[in-house]
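Listed below, chain by chain, are the residues.
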Amino acid sequence: MAEVLQRRRRRRSSDGMLSAALSYAALGWPVCRGAAPSGAGGRACGCDRVGCPDPGAHPVSATWGLEATTDPEVITRWWSAASGANVILPTGRVFDVFDVPAGAGVMALARMGRAGVQAGPVAAVDAQRYLFFVATRSPADEDEWWSCHLDCVPESIEETPGLRWHCRDSYVLGAPSLLPSGNPVAWIRAPETGDASGAPALPDPIVVLDVLSDACEEFVPS
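Right, let's walk through the structure included here. Everything numeric in this text was worked out from a predicted model, so none of it was measured. (Residues numbered from 1 in each chain as written. Predicted model: local features only at pLDDT ≥ 70, side-chain atom pairs only at ≥ 80, totals over all residues. Heavy atoms only, no water.)

### Some details on the pattern of salt bridges
Just so we agree on the cut-off: A carboxyl oxygen of Asp or Glu within 4 Å of a side-chain nitrogen of Lys or Arg is what we treat as a salt bridge. Under the scheme used here, helices are H or I runs from DSSP no shorter than 4 residues and strands are E runs no shorter than 2 residues, and both carry numbers assigned from the N terminus.
Overall, the coordinates contain four salt bridges when judged by the stated rule. The salt bridge involving Asp99 is made with Arg164; its shortest N-O contact spans 3.9 Å. With Asp99 in strand S5 (residues 95-101) and Arg164 in strand S8 (residues 164-166), this pair connects stretches of sequence that are 65 residues apart. The salt bridge involving Arg111 is made with Glu218; its shortest N-O contact spans 2.7 Å. Taken together, the positions of Arg111 in helix H4 (residues 102-115) and Glu218 in helix H5 (residues 205-219) put the pair 107 residues apart, joining distant regions of the chain. Because the salt bridges share partners, they merge into one network encompassing Asp99, Arg129 and Arg164.

### Remarks on the sheet that holds strand S1 (residues 32-34)
Counted only if it meets this: When DSSP finds two or more bridges between two strands, those strands count as paired. Orientation is described by axes fitted as lines to C-alpha atoms, over the contacting stretch for helices, and by angles from 0 to 180 degrees between their N-to-C directions. The contact definition used throughout considers only heavy atoms, calling two residues in contact when any of these lie within 4.5 Å.
Ordered by their spatial adjacency, three strands build an open sheet running S1-S4-S9, and the pairing between neighbours is antiparallel. Each of the sheet's edge strands pairs with one partner strand only, and the pair in question is S1 and strand S9 (171-174). On average, each strand axis in the sheet is inclined to that of its neighbour by 45°, with strand direction left out of account. Sheet topology places strand S4 (residues 86-90) next to S9; four bridges connect them, and they run antiparallel. Bridging from a neighbouring strand, Ile88 pairs with Leu173 of S9. Across the sheet, helix H3 (residues 72-81) touches S1 and S4, and the angle it forms with S1 is around 20°.

In structure tokens, the structure reads:
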């Protein structure tokens, strides 16, 4: 029964990948194709890397940074050829992403609500990690702004346990990308149009970082 439910979730998510990719492009968010979980239980990866450490959570192409686009014709061609491809959202272009343990994310959202701090878009990754989308300042202020260079796993900020900072040369999975568990990445707070251009409102990263840092320090043992 569990396998049947997983197959149904995967089918629904595959049907929505193209729609989601086009929706992100309409917001001005570049996208590129991601590998998808495969094999029994989705524990393997659709890429050709033996023993991939992060199934379905990385781009298909090594040149993803150059390929990422908002062109609907290109996007439609990509997902028409591979409907099950996950959606990759490059960071450090329109937005950066603070990636924190789910418990710290829940704590931070509650504190932001009480303090009247704008949280912006927030996504959940398998109820294990929360992704906070914020305005980017990359590549300006390079001395202040940390830049990570990934393979499949992002680097962490030593001063703040559990916090990963995705900016230039990094990326995150976009909803409804499928995870090896069979669950999709899901929006907790979906992007909302913030101005006449159709771009979603994104909060000040420094304000959000301050709240997240405190939550991570309390939630994650150093």
